[in-house]
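Working through the structure, step by step
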Amino acid sequence: MKQSIAFILFILLTTNTTMITSAHSTNTNSTDITQAFLEQHLSRAISMQDLTNELFCYAGVSRKIDTKKYPCGRWYNEERFNKNMDMLGNIDARFIGRVAGLWGRADWTQHGYFEAAAEVANRINETYEKAGLERPIIQASIFEKIEPSVNKVPIPGYVAKTYGQKVGYFKYEKMRYDKKHRHNFLQGGTTAVADISKIETRMWFYYQATKYIDAGYEAIHFGQIQIMDDNDPGHEHWWRLLEKIRRYAKGKNRGFVICDAHTHGLFYLPSMAAEAKKNYKFDPKKDWNDDEKRKVKYTHKQLLFDFHSYPMRIKPTKARKDETGGEGTLEKNYLTAIYGKSKGGITPSGWETESLPFLVELDDYGITWPFNPESSYFVWGWDEISWYAKQKRAYQKEWLQYAYNRVRTLDPNGYFQMPGKRVVTDVNKEKNKKIYSTFRATSGQNPNNRIETTIKKVWDTASSEDYFLYELDCVNNNIRIKLNMPYEHPSPVWKLARASNPSVIIRKSEGSQEASFENISPNKEYIITYSSWLPRIKVQKTISIPSKKEVCD
């Protein structure tokens, strides 16, 4: 007979596992963002793109704003809006992405847009409070696109004072790159990409960020950062802007703001910035900040962002002879996919990581035009969310489960941001033009057909790859049980009951990530329950303890 621990068994949690999660920080008063806090929220992330726009447009029409200029009242439907609120509370989304954000349309800020953003945030928080849930993180977006309508926006006194400038109106011409670089870059016409080296751009971004923070938002997405930083060697201008925004957030909400952008990882490099001040001249043909091409050697790896985000980069496979195009998979090293490539360093909160956590999303960027199903960055001719929206409902549900698990398999630092609401592009074949609509997880009359139900199921069973580890001591019949989870829980409670009589607890253990239960009879079935309320979690599993003869002889 073996005289020490003789049996180690990994039990995969299966469909009979019950898991309820409501992850939130165990230190909500801290202005620092811990890795555990961040990952707990990213693990239940959903995109609710332009939710504020719907409410704003409705409010705008009701306030008798020129409907020819703002013809978007039709976007708002009160019943549908309320369903979105109900969905968020039902699925307990912890990170709600892209709720507010202007793609151009800067003059909306003068007609109640930020007030609408605040109303949406309040509605979400009220929904969670009524459901007894911890407040989620709500995200706004500040994008790279600028247009002349910004000339109608006055510069507030506090913004001018922060940057040592005079009050007046923002100027579109002062935000653009010199030498017509990236002018008319986005959707043609009179639009441009913002140049972050311009003080006017930084004031405009700071103004938006502070207004969102005042409205209750605790996360900000900054879009395609690497087309805005062509004139910012060492990313000093970005770093100083983010410093100001984070400092402002310390006195608001829960005292933090979580910042991200579409990138594999960028760093604040003081030495490069100092060098540039001596001899740098802007050259549109020279990509000063392309760290990969320049083979930069980092002496100080200060990350700009709290986490990274990126499109999923779906690889087309198995064509179909219908309008869905075909299936799609996720692979490392396909095009510019982020899996295995999220850069590490020192986070703005001070903790260090080899690879920063990241979100991938079903991105929207239009379709190939003329339509071309073989274009590389498009999935059968569609952008990612438009391709997904074209799929049959059964495949949509199957693919969500696949994508969530696949991302975690490809890179344990990655999380899939679920599609709750997102802009979709389609084709009107008769008129041969693009048309736009919205994908909604709440759509459909039958609850069983809603993607909302699938999202909740995927999240609530996300621990299917986690396991209990237990060890049997052949001498004393003692059993030690451990739950393998990505983060620790304060004061967890373990309970052990006979499967034949689960209402009677025969053993209980508190306060440790592991539990030891003495004198457990072999050859019996037991129910193990692990629970904690910070974050709220309950995992239950039936296990069979083998006999001594099976294990110890």
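Residues numbered from 1 in each chain as written. Predicted model: local features only at pLDDT ≥ 70, side-chain atom pairs only at ≥ 80, totals over all residues. Heavy atoms only, no water.

**As for the overall build of the protein chain**
Looking only at helices and strands, the protein chain features 13 helices and 28 strands. Taken over 553 residues, the protein chain has a buried fraction of 56%. If you sum the accessible surface of the protein chain, you get close to 24900 Å²; carbon and sulfur atoms cover 47% of it. (Helix = DSSP H or I, 4+ residues; strand = E, 2+ residues; numbered from the N terminus. Buried < 20%, exposed > 50% of the residue type's maximum accessible area, 1.4 Å probe, protein only. Areas by Shrake-Rupley, 256 points an atom, 1.4 Å probe, with all protein chains shown as cover.)

**Quick word on the confidence of the model for the protein chain**
In the predicted model, the protein chain carries a mean pLDDT of 82, and the fraction of residues at 70 or more is 79%. Per-residue pLDDT stays below 50 along residues 1–30; that stretch engages in 94 contacts with residues further than four places along the chain or on separate chains. (pLDDT = per-residue confidence, 0-100. Contact = heavy atoms within 4.5 Å.)

**Considering helix α8 (residues 270–279)**
All of the buried residues in α8 are Met272, Ala273 and Ala276. Angular distribution of buried residues about the axis of α8 spans 100°; they occupy a single face of the element. When the buried face of α8 is taken as reference, the exposed residues oriented beyond 90 degrees from it are Ser271, Lys277, Lys278 and Asn279. (Arc of directions from axis to C-beta.)

**Some thoughts on helix α11 (residues 393–410)**
Taking 1.5 Å per residue as the helical rise, α11 with its 18 residues ought to reach 26 Å, and the 25 Å between its terminal C-alpha atoms agrees with that figure. Tyr395, Gln396, Trp399, Leu400, Ala403, Tyr404, Val407 and Leu410 are the residues of α11 that are buried. Along the axis of α11, the buried residues cluster in a sector spanning 165°; they form a single face. Facing away from the buried side of α11, by more than 90 degrees, are the exposed residues Ala394, Glu398 and Thr409. (Expected span 1.5 Å × (residues − 1).)

**Notes on the packing of helix α3 (residues 78–91) against helix α12 (residues 451–460)**
Put simply, α3 and α12 touch, their axes get as near as 10 Å, and they point 20° apart. One finds that α3 runs roughly parallel with respect to α12. Regarding α3 and α12, the two cross each other, and that crossing is right-handed. Of α12, the residues touching α3 (which contributes Met87, Asn90 and Ile91) are Glu452, Ile455, Lys456 and Trp459. Residue classes in the contact of α3 with α12 are distributed as 4 nonpolar, 1 polar and 2 charged. (Axes fitted to C-alpha atoms, helices over the stretch in contact; angles between N-to-C directions. Parallel < 35°, antiparallel > 145°, perpendicular 65-115°, else oblique. Left-handed = near helix turned anticlockwise from the far one by under 90°. Nonpolar A, V, L, I, M, F, W, Y, C, P; charged D, E, K, R; others polar.)

**So, the environment of Leu266**
Inspection of the secondary structure puts Leu266 in the loop between β11 (258–260) and β12 (267–268). Placed 41 residues apart in sequence, Leu266 and Ile225 show a C-alpha to C-alpha distance of 9.3 Å.

**Re the pattern of salt bridges**
By the definition in use, this model includes 24 salt bridges. Salt-bridge contacts for Lys508 lead to Glu510; the nearest nitrogen and oxygen are separated by 3.6 Å. Overlapping salt bridges, with partners in common, bring together Arg98, Glu361, Asp363, Asp364 and Arg422 in one network. (Salt bridge = Lys/Arg side-chain N within 4 Å of Asp/Glu carboxyl O.)

**Describing the packing of aromatic side chains**
How two aromatic rings sit relative to each other is set out by the distance from centre to centre and by the angle between their planes. For the coordinates displayed, the defined rule picks out 29 aromatic pairs. A centroid spacing of 5.8 Å and a plane angle of 35° characterise the contact between Phe170 and Tyr207, whose relative ring orientation is tilted. Placement of the pair is Phe170 in the loop between β8 (168–169) and β9 (192–193) and Tyr207 in helix α6 (residues 199–214), with a sequence separation of 37 residues. Per residue, the accessibility class of Phe170 equals that of Tyr207, and both read buried. Each member of the aromatic cluster is reached from another via a ring pair, and the members are Trp108, Tyr113, Phe114, Phe170, Trp204, Tyr207, Tyr212 and Tyr217. Taking NZ or CZ as reference, Arg320 lies 4.7 Å from the ring centre of Tyr395, over its face. (Phe/Tyr/Trp six-rings, centres within 6.5 Å; stacked < 30°, edge-to-face > 60°. Lys NZ or Arg CZ within 6 Å of the ring centre and 35° of its normal.)

**Focus: the pairing of strand β15 (residues 314–319)**
In terms of strand pairing, β15 meets strand β16 (residues 326–330) through 5 bridges, oriented antiparallel. Bridge pairing links Ile314 to Leu330 in β16. (Pairing = 2+ DSSP bridges.)

**Some words on unusual backbone geometry**
A positive phi angle is found at Lys180, which is not glycine, with a value near 60°. Relative to the elements of secondary structure, Lys180 occurs in the loop between β8 and β9. Relative accessible area serves as the criterion here: at 69%, Lys180 is assigned to the exposed category. With a phi angle near 55°, Arg182 is a residue other than glycine that sits in the positive phi range. Checked against the element boundaries, Arg182 lands in the loop between β8 and β9.

**Examining the nonpolar core**
Considering soluble globular proteins, one finds that nonpolar side chains tend to be buried as a cluster. Ile46, Tyr217, Met312 and Trp399 are the most contacted members of the largest nonpolar core, which has 112 residues in total. Core analysis: the next-biggest nonpolar cluster, separate from the first, contains 19 residues, Leu42, Ile258, Trp351 and Tyr415 among them. (Core = buried A, V, L, I, M, F, W, Y, C linked by side-chain atoms within 4.5 Å.)

**Some remarks on the environment of Pro148**
Among the secondary structure elements, Pro148 is positioned in the loop between β6 (145–146) and β7 (154–155). Separated by 43 residues in the primary sequence, Pro148 and Arg105 place their C-alpha atoms 9.0 Å from one another. For Pro148, the contacting residues outside a window of four places in its chain are Tyr172 and Thr190.

**Focus on the packing of α11 against α12**
Following both chains from N to C, one finds α11 and α12 inclined at 25°, their axes separated by 10 Å at the closest point. On the basis of their axis angle, the class for α11 and α12 is roughly parallel. Where α11 crosses over α12, the handedness of that crossing is right-handed. In contact with Arg393, Gln396, Lys397, Leu400, Gln401 and Tyr404 of α11, α12 contributes Ile451, Thr454, Ile455, Val458 and Trp459.

**What to know about the side chain of Ser355**
By the element assignment, Ser355 lies in the loop between β18 (352–353) and β19 (358–361). In terms of polar contacts, Ser355 uses its side chain to reach the backbone carbonyl oxygen of Ser342, at 2.8 Å. Ignoring anything within four residues of it in the chain, the contact list for Ser355 reads Ser342, Lys343, Gly344 and Asn413. (Polar contact = N/O pair within 3.5 Å; in protein donor to acceptor, adjacent residues only side chain to side chain.)

**Looking at the side chain of His181**
Checked against the element boundaries, His181 lands in the loop between β8 and β9. Side-chain polar atoms of His181 contact the side chain of Arg182, separated by 3.5 Å. At 2.7 Å, the side chain of His181 forms a polar contact with the side chain of Asp230. Look past the residues within four positions of His181 in its chain and what remains in contact with it is Asp230, Phe282 and Pro284.

**As for the environment of Asn253**
Tracing the sequence through the fold places Asn253 in the loop between α7 (236–249) and β11. The spatial distance from the C-alpha of Asn253 to the C-alpha of Gly216 is 6.3 Å, given a sequence separation of 37 residues. Once residues within four sequence positions are removed from consideration, Asn253 is found in contact with Ile213, Gly216, Tyr217 and Glu218. A distance of 3.0 Å separates a polar side-chain atom of Asn253 from the backbone oxygen of Ile213.

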